[in-house]
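Coordinates in review
Below, each chain spelled out in residue letters.
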Amino acid sequence: MHHGLRAGILAALLAPCPVLLEGQGRPITIDEFLTLDRVSDPQISPDGAWVTYTLTTTDLEGNDRTSDVWLVPTSGGSPQPISDRRLGGRGARWSPDGSQIAYVTTRDRAPQIRLYASESRRSSQLTSLAAGADGIVWSPTGTHIAFVSDVHPDCADEACNRARLEAQPPSSARVYDELLVRHWSSWEDGWRSHLFVAPVGGGTPVDVIAAWPWDVPVPPFGGADDYAFLPDGRRIVFTTKVGVDRATHTNTDLYIVDIDGGTPENLSQTLPGAERHPVPSPDGRMLAFLSQERAGFEADRWRLMVLDFERGGVREVTRRFDRSIGSVAWQPDGRGFVFTAQDRHRNAVYRATLSGQVEQRLAWGNTTQLSLDLRGAAAVFVNDAIDRPGQVYVWNMVDGGTPTPLTAVNAALLDSVTFHAAEEISWVGADGHSVHGMLVRPPQYRRGRQYPLVVMIHGGPQGAWLDAFHPRWNAQMFAAGGYVAVLLNPRGSTGFGQRFTDEISRDWGGRVFIDIMSGVEHATRFPFTDSSRIAAVGGSYGGYMVNWINGNSNRFDALVSHAGIFNLEAFYGATEELWFPEWEFGGPPWENRTYYQQWSPHRFAQNFSTPTLVIHGARDYRVPDTEGLQMFTALRRQDVPARLVYFPDEGHWIGKPQNQLMWWGEVHAWLARFLLRGEPGS
């Protein structure tokens, strides 16, 4: 299709009917949303005077996103890029004395680490590995940098790895003897992520876990906060998962090894669940880390633990705190911690003593990516909200008060569009339990008018809609079509206590379904919502629930199912992280067939009647694409209006800019077709 014609069609699909556009607000367009600049990963200098951050920009025509490292004073001023613009940059980290900034290039064929000298403002390359380098961590002595790079465990040196990388196998066949054979969007190919340490002054990087057959950190979500130097700079602690049964459990462990290499020692062997995010105390006597109790449950509560190197033993610090810990840092005096945790619809900042006294320090907006200076006097972070894309802020932790913005990306665009803030709602769900959510009014909102509802169902299922400017499932983008976006956090949602999170497991279509349907009816009682025009949209577990709704309710006028599970038994045999269905469904199908039959949407396909847009990616190995194909087949064989949008080059999430442009265009067209029916201009 000609680009100009396609763009015209997409614009037409997004344009709400004229009656909805009589208000003062202008909705954001798809193109504008997709090309918003994004800030991330702020890092404050040791003296608290400067902040680096990553700025990501989008070239929609080129179907690409690139990033660079920027620098801004905490006192305010104009940010300046410091990464080589030809090479790009991200993941910047300050040396302990603040004289250098290490960052990872983004436009190289393989990412490499460069060192930027603060005084001379020049950079030089530190690594040149064939498979690249990522995840920078400085040693406290400032003499070494730890990072990760892919290797073949049976390769003894870089020359071997380079040869393996460049070799063309004679056959495209893949042969496996153990699970996992593929993970999220990649097939197992024999490569492993290994932990390296390189001297800053130059020299050959050392693979400190050479020949280790496991990944450091654990893919796909592990990162640089999963390994750390001890204060002496001679040893490093890291997270890994060992064994051939990696597909059936979540039990990661902490290991320690010398920076010159050797046999790693397991530090958390007695703990049954997952461990990650090691943070040594300033004096090196203790190690803080996060731990889960249950080894088969990926959404168990993350507890803050402390290992005492001198006295031995491990204890939980946050035993009386019923929330999952996010990121954590020691206070400079070693007497306590600063950490983030989700509470209801936001991530907040907390302080805890070693004895377990927890105090909430900042509950403003949605705070993530926290970084402290060496004195513990100042913090920087990214803060956003549903009506406010993320910016970098600095906050005086001693005096408290309101954080100060250091960036103002997208300012001109944000001044020209209308975003309504999230309004918190609550209702009575299953078992008489109070359930919470949010709603967002459309930018065209005018008093006295009614607007269709788009009900958003989150994935996980142990997840939550936050008061945050989501980069994909964005409430403002759904509201932009002239709808009230309703974001429900039913049974299984995080941030409302672990019991509430637990109560969806082995009950996927039970109490959570009641919570959702009760929430929908609650939302229809607002005077500005039209109870006769309602759609539901969801991805992953949200897609499963959309499929479940189609067979168990006729309340909705349209549905959008992204990466949704259709047949629980088929899903079990094709997904990769087997701990997930075995925990959620009570074992494999041959051990608990009753559950798989009771809660599988395919068992209710004969009841399908609601028009459904089905979206799936071919490289989705979490929820294999056959689930979407089966759903579409069941709909069309019964003459239910349906449309399949299939992305051959995408996985569980749709990430490429042009594919996202297509995704939003199709979603808005589907919603307009069934929610704006008969209205002028629809």
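Residues numbered from 1 in each chain as written. Predicted model: local features only at pLDDT ≥ 70, side-chain atom pairs only at ≥ 80, totals over all residues. Heavy atoms only, no water.

1. Regarding the state of the cysteines
- Within this structure, the stated rule accounts for one disulfide.
- A disulfide bridge connects cysteine 155 with cysteine 160, and the sulfur atoms are separated by 2.0 Å. Its torsion about the S-S bond being -60°, the disulfide of cysteine 155 and cysteine 160 is classed as left-handed. (Disulfide = S-S within 2.5 Å.)

2. Structural notes on the pattern of salt bridges
- Under the counting rule described, the total for this entry stands at 43 salt bridges.
- Between arginine 162 and glutamate 158 there is a salt bridge whose closest N-O contact spans 3.2 Å. Residue arginine 162 and its partner glutamate 158 are both found in helix H3 (residues 158–166); the two are separated by four residues, about one turn of the helix.
- Owing to a relative accessible area of 33%, arginine 162 belongs among the partly exposed residues under this scheme.
- For glutamate 158, a relative accessible area of 27% corresponds to the partly exposed category.
- Salt-bridge contacts for arginine 511 lead to aspartate 507; the nearest nitrogen and oxygen are separated by 3.1 Å.
- Overlapping salt bridges, with partners in common, bring together Asp431, Arg491, Arg499, Glu503, Asp507, Arg511 and Asp515 in one network. (Salt bridge = Lys/Arg side-chain N within 4 Å of Asp/Glu carboxyl O. Helix = DSSP H or I, 4+ residues; strand = E, 2+ residues; numbered from the N terminus. Buried < 20%, exposed > 50% of the residue type's maximum accessible area, 1.4 Å probe, protein only.)

3. A short note on the environment of valine 137
- Of note, valine 137 is situated in strand E9 (residues 134–138).
- What makes valine 137 buried here is its relative accessible area of 14%.
- A sequence separation of 44 residues divides valine 137 from arginine 93, and the C-alpha atoms of the two residues are 7.1 Å apart.
- Excluding its chain neighbours within four sequence positions, the residues that come into contact with valine 137 are His144, Ile145, Ala146, Ala224, Tyr227 and Phe229. (Contact = heavy atoms within 4.5 Å.)

4. Some thoughts on the sheet that holds strand E4 (residues 80–81)
- Judged by pairing direction, the sheet is antiparallel, and its four strands sit side by side in the order E1-E2-E3-E4 without closing on themselves. Looking at which strands have only one partner, the edges of the open sheet turn out to be strand E1 (38–44) and E4.
- Pairing analysis gives ten bridges linking strand E2 (residues 50–59) to strand E3 (residues 64–73), with the strands arranged antiparallel. Following the sheet pairing, valine 51 is matched in E3 by valine 72. (Pairing = 2+ DSSP bridges.)

5. Here we look at helix H13 (residues 657–675)
- Helix length check: H13, at 19 residues, gives a terminal C-alpha distance of 27 Å against a target of 27 Å (1.5 Å per residue), a fit within 8%.
- The element H13 is largely enclosed, with a buried count of 16 among its 19 residues. (Expected span 1.5 Å × (residues − 1).)

6. Describing the pairing of strand E25 (residues 346–353)
- Where strand E24 (residues 336–343) meets E25, eight bridges bridge the pair, whose relative direction is antiparallel. Paired with phenylalanine 339 across the bridge in E25 is tyrosine 350.
- Connecting the antiparallel pair E24 and E25 is a turn made up of two residues, with arginine 344 showing a positive phi of about 55°.
- Remark: four residues form the turn of the hairpin made by E25 and strand E26 (residues 358–362), two consecutive strands paired antiparallel; glycine 356 in that turn has positive phi of roughly 100°.

7. Looking at the side chain of glutamine 498
- Inspection of the secondary structure assignment puts glutamine 498 in helix H6 (residues 498–502).
- Under the relative-accessibility criterion, glutamine 498 is labelled buried at 12%.
- For glutamine 498, the side chain forms a polar contact with the main-chain nitrogen of arginine 301, separated by 3.2 Å.
- Setting aside its immediate chain neighbours within four residues, glutamine 498 contacts Arg294, Phe297, Ala299, Asp300, Arg301 and Asp322. (Polar contact = N/O pair within 3.5 Å; in protein donor to acceptor, adjacent residues only side chain to side chain.)

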